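Descriptive structure summary
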Amino acid sequence: MDISVVVPLYNEEESLPELFSWIQRVMETNHFSYEVIFVNDGSTDRSWNVIEELASKHQEAKGIKFRRNYGKSPALYCGFEKAQGNVVITMDADLQDSPDEIPELYRMITEDGYDLVSGYKQKRYDPLSKTIPTKLFNATARAVSGIKNLHDFNCGLKAYRKEVVKNIEVYGEMHRYIPYLAKNAGFNKIGEKVVQHQARKYGTTKFGLNRFVNGYLDLISLWFLSKFGIKPMHIFGFLGSIMFIFGFIATIIIGISKLYAMSHGLPYILITDSPYFYLALTTMILGTQLFLAGFLGEMIARNAPERNNYKIEKEL
């Protein structure tokens, strides 16, 4: 099979028939073998009934139904598991992503050799309250991930080699960082294509401003796990050692200062009356706790079943 199209959705009953007809037209025009996997993320409208109707009429239409709303990342994860196409395309169900982009995305994967191609909605039909935070978010994601050529990490329209979606785990709300997940899995040829962004035709957006706050927290988590997930001692042990040494040196300096004052007949106070002594002592305690946290994390990581789960691309 040439292409699997994965469409996560929540309450999009009006747009589904039009979206499937559009995809079908593009696929038949370009003579692609394909499947369209609709992942119904706990919709409360008739979305699942529409999917059932499409599946009964078209063998290419397939569906997955969640019992409740889990989020876009779980929907993509389940869609990726079911996908059989050599190239996997993801797009949103609200008709803001154009299926006319599919042939070029497919060509970039199969002919240009990209592992992943992300859409870039250069001209957006969104309010400033959404576009300005999006620009700041993408700038931060580029800086942290090191993927400098992407302008729109969170664009729903993406294309992947099949091997990519089978070797990454999209969980929580990590769908925003799929290019970063792919890079961490060893898929480094990541490209971008300017795509058409269309105004929403039906309904309203399902995402609020809280996604930007969650997005930054997820980015920090992903960066930390990619850097120190299997070697926590490198960060906690290092910071703990620095803090302990700093506190220990400060304590010695406080003690020497008192001895110097005593030997020269200068006024002095008890060490325990000095606020600097308690600051130094607290620093030493925190340093010890950080070091122990790193040590415990290292023990847990060494006993994790996936500690040696390396992705081998070829073997002779």
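For the structure itself, consult the block above.
Residues numbered from 1 in each chain as written. Predicted model: local features only at pLDDT ≥ 70, side-chain atom pairs only at ≥ 80, totals over all residues. Heavy atoms only, no water.

**As for the side chain of Glu101**
One can find Glu101 in the loop between β4 (87-90) and α4 (102-110). A relative accessible area of 11% places Glu101 in the buried class. Here the side chain of Glu101 touches Lys193 through a polar contact of 2.5 Å, side chain to side chain. In this view, Glu101 contacts Leu157, Lys193, Val194, Val195 and Gln196; residues no more than four positions away in its chain are not counted. (Helix = DSSP H or I, 4+ residues; strand = E, 2+ residues; numbered from the N terminus. Buried < 20%, exposed > 50% of the residue type's maximum accessible area, 1.4 Å probe, protein only. Polar contact = N/O pair within 3.5 Å; in protein donor to acceptor, adjacent residues only side chain to side chain. Contact = heavy atoms within 4.5 Å.)

**Some details on the pairing of strand β2 (residues 34-40)**
Of all seven residues making up β2, seven are buried, and the element is well covered by its neighbours. What you see with β2 is no split at all: Tyr34, Val36, Phe38 and Asn40 on one side and Glu35, Ile37 and Val39 on the other are buried throughout. In terms of strand pairing, strand β1 (residues 3-9) meets β2 through seven bridges, oriented parallel. Each residue of the ladder has a partner; that of Leu9, found in β2, is Asn40. (Pairing = 2+ DSSP bridges.)

**A closer look at unusual backbone geometry**
You will see that Asn11, though not glycine, has its phi angle at about 55°, which is positive. Topologically, Asn11 is positioned in the loop between β1 and α1 (16-29). You will see that Leu95, though not glycine, has its phi angle at about 70°, which is positive. With respect to the helices, strands and loops of the structure, Leu95 is situated in the loop between β4 and α4.

**As for the packing of α1 against helix α2 (residues 47-57)**
Where α1 meets α2, the closest approach of the two axes is 10 Å, and the angle between their N-to-C directions is 35°. Regarding α1 and α2, the two cross each other, and that crossing is right-handed. On the side of α1, the interface is formed by Leu16, Pro17 and Phe20, while α2 contributes Ser47, Val50, Ile51 and Leu54. Taken together, the residues of the contact of α1 with α2 sort by class into six nonpolar, one polar and no charged. (Axes fitted to C-alpha atoms, helices over the stretch in contact; angles between N-to-C directions. Left-handed = near helix turned anticlockwise from the far one by under 90°. Nonpolar A, V, L, I, M, F, W, Y, C, P; charged D, E, K, R; others polar.)

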